[in-house]
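# Structure assessment
Each chain, written out:
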Amino acid sequence: AFNTPTGAIEAVGEDARAMLGRNPEHLRPVKPIRDGVIADFDAAEKMLGHFIRKTNRQVGGWARPRVVIGVPAQITPVERRAVKDSAYRAKVSEVFLVDEPMAAALGAGLPITEAAGNMIIDVGGGTTDIAVISLAGVVISRSVRVAGHRFHPGIIHHMKKRHEVLVGERTAEEIKLQIGSATALQKPTTMEVKGRHFGKGVPVRVTVSDGEIREALGEPLKIIIRAVRETLDQIPPELSSDIFDRGIAVCGGSALLRNFDRLIHQETQLPVQIVEQPLSAVVLG
C-alpha cells in the first residue's frame, strides 16, 4: 500500500491486504503480481526488498542474500527476466528461478527422482500449474492463468445479479472460504452477507446458499478441469500407467476449496490426494 502524495510504502503483505476496499484517497493498495507474473515492476521490487529485509532481521542478516523464486511453469522468457531484474534491484547477489510444480512436488514429498510418473496440480492465486515429473525433470507441463483470484469476480457478479447487492473482493473471499465448494456438500449451508443494495444504495443483509456460490465458481473450475484433461491427454503411455496407479497430488491455497479433490476425481476417475501442507508445498520445496 503506497502513500500517494509521498510515494512511501505504508504497508506490505497482510497489512496492505486489510486496506483493500477500505482505504482513504491518499493510500493506494497495489497488487504487484497478477496471474502469476509481475504487473507492477516498481511495486514488485519494493515488496521483494521488504521481504528480504524482514528475513534478514530474523536470521541475523546477510549482506546480499541468494534468492530462489518460484515461477509458473509456462511464463515467457521476458516474464522470467522481469522476475530476475526485480530481485537484483532489491539488492540480492544471485537469483535462481524454479518452476513451481517442481518445487511443489519436492515440498509434497513425491518420489520425483524415480523413473516413474508423478502428476501434481498446483492451484495458487494467479495460476494453475499442472505437471508430470519423472527422473527429476518435468516431462509435460501446462499453466492456465485461472486460479483462486478468478473465483472472486464470479461471486461479486453473482451477488449483484441474483441479490442486487454490491460486495467487495474481501467479502467475496470470505464467502468463498466459508461456504464455497466444488461439488455438492453433504450438509447444505448458508451464510449471511452484508453489502450495498445496487438500486437503493443502502447497506443490506442477504442470505446466500452454498449451491448458488458453487454455480458462481463454475466457470473457472471448468477451465481448470479442461486443462487437467488436456494434460492427461498428452502424457506418454508408460507414464499414464504410473499415474493410474499413483494418482494425482493437488496443492496450493485453492486446493482447500471444499470437495475440489472430489471434483477432479469425478472428472478423471483417478485417485486424487490433497498434499499434507497444500499452502506451503511450493515454499517447502
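On a predicted model such as this, the values are computed, not experimentally measured, just so you know.

Broken down by element type, the protein carries eleven helices and 14 strands. For 285 residues, the compact-globule estimate of 2.2 N^0.38 gives 19 Å, and the C-alpha radius of gyration of the protein, at 21 Å, lies within 12% of that figure. Overall, the C-alpha framework of the protein stretches about 65 × 55 × 30 Å when taken along its three principal axes. Within the protein, contacts between residues at least 6 apart in sequence are counted, and of these 60% link residues at least 24 apart. When the accessible area of the protein is evaluated, it comes to approximately 15300 Å², of which 50% is carbon and sulfur surface.

On the secondary structure map, lysine 46 appears in helix α2 (residues 41-59). Ignoring sequence-local partners within four residues, the contact set of lysine 46 consists of Phe2 and Ile9.

Strand order across the open sheet formed by five strands is β9-β8-β7-β13-β14, with mixed pairing between neighbours. Strands with a single pairing partner mark the edges of an open sheet, and in this sheet they are β9 (137-144) and β14 (272-274). Going from strand to strand, the sheet's axes swing by 20° on average, the running direction of each strand aside. In this sheet, β9 lies alongside strand β8 (residues 128-134) in antiparallel orientation, the contact comprising seven bridges. Counterpart to valine 132 in the pairing with β9 is isoleucine 140.

Another point: the pairing of strand β11 (residues 190-197). Examined bridge by bridge, strand β10 (residues 165-166) and β11 share two bridges and lie antiparallel to one another. Across the sheet, residue leucine 166 finds its bridge partner in β11, namely arginine 196. Sheet topology note: the β11/strand β12 (residues 203-209) ladder contains seven bridges and is antiparallel. The residue bridging glutamate 192 from the neighbouring strand is threonine 207, located in β12.

Time to look at the pattern of salt bridges. Under the criterion given, the structure shown has 15 salt bridges. Glutamate 169 serves as the salt-bridge partner of lysine 31, at 2.5 Å between the closest nitrogen and oxygen. Linking lysine 31 in the loop between β2 (27-28) and β3 (33-34) with glutamate 169 in helix α6 (residues 169-179), this pair joins segments that are 138 residues apart in sequence. The residue glutamate 267 makes a salt bridge to arginine 229 at a minimum N-O spacing of 3.0 Å. Pair noted here: glutamate 267 is in helix α10 (residues 260-268) and arginine 229 is in helix α8 (residues 218-234), with a separation of 38 residues, a long-range link. Its relative accessible area of 31% is what places glutamate 267 among the partly exposed residues.

Here we take up the nonpolar core. Taken as a class, soluble globular proteins show a tendency for nonpolar side chains to be buried jointly. If you look at the biggest cluster of nonpolar residues, it comprises 43 residues, and the most contacted ones within it are Ile248 and Phe260. In terms of residues, this core owes the most to one element, α8, which gives six residues.

Spatial ordering of the open sheet is given by β10-β11-β12, a layout of three strands whose pairing is antiparallel. Pairing within the sheet leaves two strands with one partner each, and these edge strands are β10 and β12. Helix α5 (residues 148-163) rests against β10, β11 and β12 of the sheet, and its axis sits at about 105° to β12.

The complete set of buried residues in α6 reads Ala172, Glu173, Ile175, Lys176 and Ile179. Each buried residue of α6 sits inside an arc of 170° when the element is viewed along its axis, so together they form one side. Contacts made by the buried residues of α6 are with α1 (14-17), α5, β11, β12 and α7 (210-216).

What counts, and at which threshold
Residues numbered from 1 in each chain as written. Predicted model: local features only at pLDDT ≥ 70, side-chain atom pairs only at ≥ 80, totals over all residues. Heavy atoms only, no water. Helix = DSSP H or I, 4+ residues; strand = E, 2+ residues; numbered from the N terminus. Rg over C-alpha atoms; globule rule 2.2 N^0.38 Å. Contact = heavy atoms within 4.5 Å. Areas by Shrake-Rupley, 256 points an atom, 1.4 Å probe, with all protein chains shown as cover. Pairing = 2+ DSSP bridges. Axes fitted to C-alpha atoms, helices over the stretch in contact; angles between N-to-C directions. Salt bridge = Lys/Arg side-chain N within 4 Å of Asp/Glu carboxyl O. Buried < 20%, exposed > 50% of the residue type's maximum accessible area, 1.4 Å probe, protein only. Core = buried A, V, L, I, M, F, W, Y, C linked by side-chain atoms within 4.5 Å. Arc of directions from axis to C-beta.

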